Every structure is written in C-alpha cells, then in structure tokens.
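# Report on the structure
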Amino acid sequence: LYTRVFHLLAMVLMLGVYLSSDEDRWLSIHASLGYAIGVLFLGRIVWGFLDIPYSKFKDFSFKIADLKTYMLSVFGAKKSYIGHNPASSYAIVGMMVLLFLSIVTGALAYGAQEGMGIASFLNHTWFAKMKLFKEVHEFFANALMFLIFAHIAGALLDRLLHSKLILRSMVDGYKEGDGQSVQLSLFQKAFGVFWLGVTVVALIYLLASPNALLLADNNPKVDYAKVHPAFAKECGSCHMLYPPFLLPKTSWDEMM
C-alpha cells in the first residue's frame, strides 16, 4: 500500500512541479512542490534499506549482463521479475540522483537569481548576474523528466507485450509470478505512515508559509514612495512605484 501511495503522490507532485515551472508568479509553489518531492524521495531512500522484499535496494538488479539480456529480450520471451527488473533498477537510482541534483541546483537558482530561500545570500554576490544555476537546474530537471517518461513508457511497453507482468500491481498490489508475498512489520507500517504523512504536512506547511526558511524573500524592502516622493505624488495614483532606473527610458524621459 505504501509503495502504491508513494507512486501516486510522486506522480501528482511531479505533475505540479512541471506545470508550475514556466510562470514566475508560481515560483514559490514550484519550490514548495520541489521540496515536498525531496521529502518524499528521502523517505523512499530509507524505505530501500528496510528489510522489505522487492523494495530494498539489495533486491535491485545492477548487473550489466542482466541489463543487456533484459533489453535484448524486450520484444520476446524474457525473465519475469516480481520486483524491479534491471532497467527499472537503474531508472529508479537515476531518478533519485537527478532529483537530488535538481533540488540542490533549484535552491541555488532560487537564491542567486531571486534572492529567496536558504541560498538567498548568493543574490548579493556576482552569482546574481549569472544564469548558471538556473540553466544547470533546467538541465537536471529536463533529464529527470525524460527518465520519468522513459520509465513510464517502459511500463506501458511491458504491459503491451507482457500483460501479466506489470501495471495492475500498481492498482491492486498483486502480481503474477513466483515469489513471496510481502508482509510488513509494525515498525515498517508505522514508518510508511510517518513518511507519507510528513510529505503531505511539509507540502501544506510550505504552501501556507511563504516566509518559511526554504522560501523566504530576503530581498531588502524599499518604500519607493519615500525614496521617490515626487514620482509617488505625481504618478503613484495610476502607476506602481518603481525606481526610475527600472522604468522604460523613453517613458521616464517623457515624464521629466
């Protein structure tokens, strides 16, 4: 159940991150969703070290020979895996690595370019005029999305060619094949509830708390009505107050 809820929650959060990535006004939402995904996958890493059949990393198949054999037999008869096949084993680890790099570079870009969040101190350095972190963040994020779509495409292809092997288990928890049923201990169940619950609480907290440490706007607050009283008096009733150097040059020249 916890693995299935994890997949559903990860899918919803990733969709939200993707849809909120192009609008500056949704930047804090984008960051909140990104951090929530980080919490979710941090729990998945811990889950991988618990003694849970098919979910623990020790059950993953990382042998290059197994991967080669698996890929060459995609369209024919191939070995049935109750747990992760060699391709999905590499895909999951790859997604975790790319997600970590996406979150770190996203936090750096959020701080350097926007002056917000835990890396906002970078906004007061020469990094503020660079788009390095943003471009690197976009690279890792796009690579992550590509790997996710490849993972989904692989599952759909497996469903098409080997219908009994996959997908249905993500709904009802059952899979056909030779293997043992998974029985969780009380501790494992408690951790599953805690892990998923913390993810949801973290997301709600971040969305409701724009001044949280991870999201806080640390740009200096300037009262432009006091800094430019003449502009505020003559134009403030119709225009938002911006310092003159941010106004279009022709417009400012015309007003002067």
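Higher on the page you've got the structure.
Here goes a summary of the coordinates provided. On a predicted model such as this, the values are computed, not experimentally measured, just so you know.

### Let's talk about the packing of aromatic side chains
Inspection of the entire model under this criterion finds eleven aromatic pairs. Seen in terms of ring centroids, F49 and F57 are 5.3 Å apart; in terms of plane orientation they differ by 75°. Their pairing is edge-to-face. Taken together through their ring pairs, the aromatic side chains of Y2, F6, F41, W47, F191 and W195 make up a single cluster.

### Regarding the packing of helix α2 (residues 27-47) against helix α7 (residues 186-208)
Where α2 contacts α7, the two axes come as close as 8 Å, and the packing angle between them is 170°. It follows from the interaxial angle that α2 and α7 lie roughly antiparallel. Contacts between α2 and α7 pair I29, S32, L33, Y35, A36, V39, L40, G43, R44, V46 and W47 from the former with Q188, F191, G192, W195, L196, V198, T199, A202, L203, L206 and L207 from the latter. Looking at side-chain class alone, the contact of α2 with α7 contains 16 nonpolar, five polar and one charged residues.

### Considerations on unusual backbone geometry
For Y54, which is not glycine, the phi dihedral falls at a positive 75°. Its location among the elements puts Y54 in the loop between α2 and α3 (64-72). Y54 sits in the partly exposed class, given a relative accessible area of 21%.

### Looking at the pattern of salt bridges
Any two side chains of opposite charge can pair, given that their charged atoms come close. Evaluated as defined, the whole model comprises two salt bridges. E23 is the partner of R25 in a salt bridge, and the nearest nitrogen-oxygen pair spans 3.5 Å. What makes E23 partly exposed here is its relative accessible area of 33%. Note that D51 and K56 form a salt bridge whose closest N and O atoms lie 2.7 Å from each other.

Definitions and limits used
Residues numbered from 1 in each chain as written. Predicted model: local features only at pLDDT ≥ 70, side-chain atom pairs only at ≥ 80, totals over all residues. Heavy atoms only, no water. Phe/Tyr/Trp six-rings, centres within 6.5 Å; stacked < 30°, edge-to-face > 60°. Axes fitted to C-alpha atoms, helices over the stretch in contact; angles between N-to-C directions. Helix = DSSP H or I, 4+ residues; strand = E, 2+ residues; numbered from the N terminus. Parallel < 35°, antiparallel > 145°, perpendicular 65-115°, else oblique. Contact = heavy atoms within 4.5 Å. Nonpolar A, V, L, I, M, F, W, Y, C, P; charged D, E, K, R; others polar. Buried < 20%, exposed > 50% of the residue type's maximum accessible area, 1.4 Å probe, protein only. Salt bridge = Lys/Arg side-chain N within 4 Å of Asp/Glu carboxyl O.

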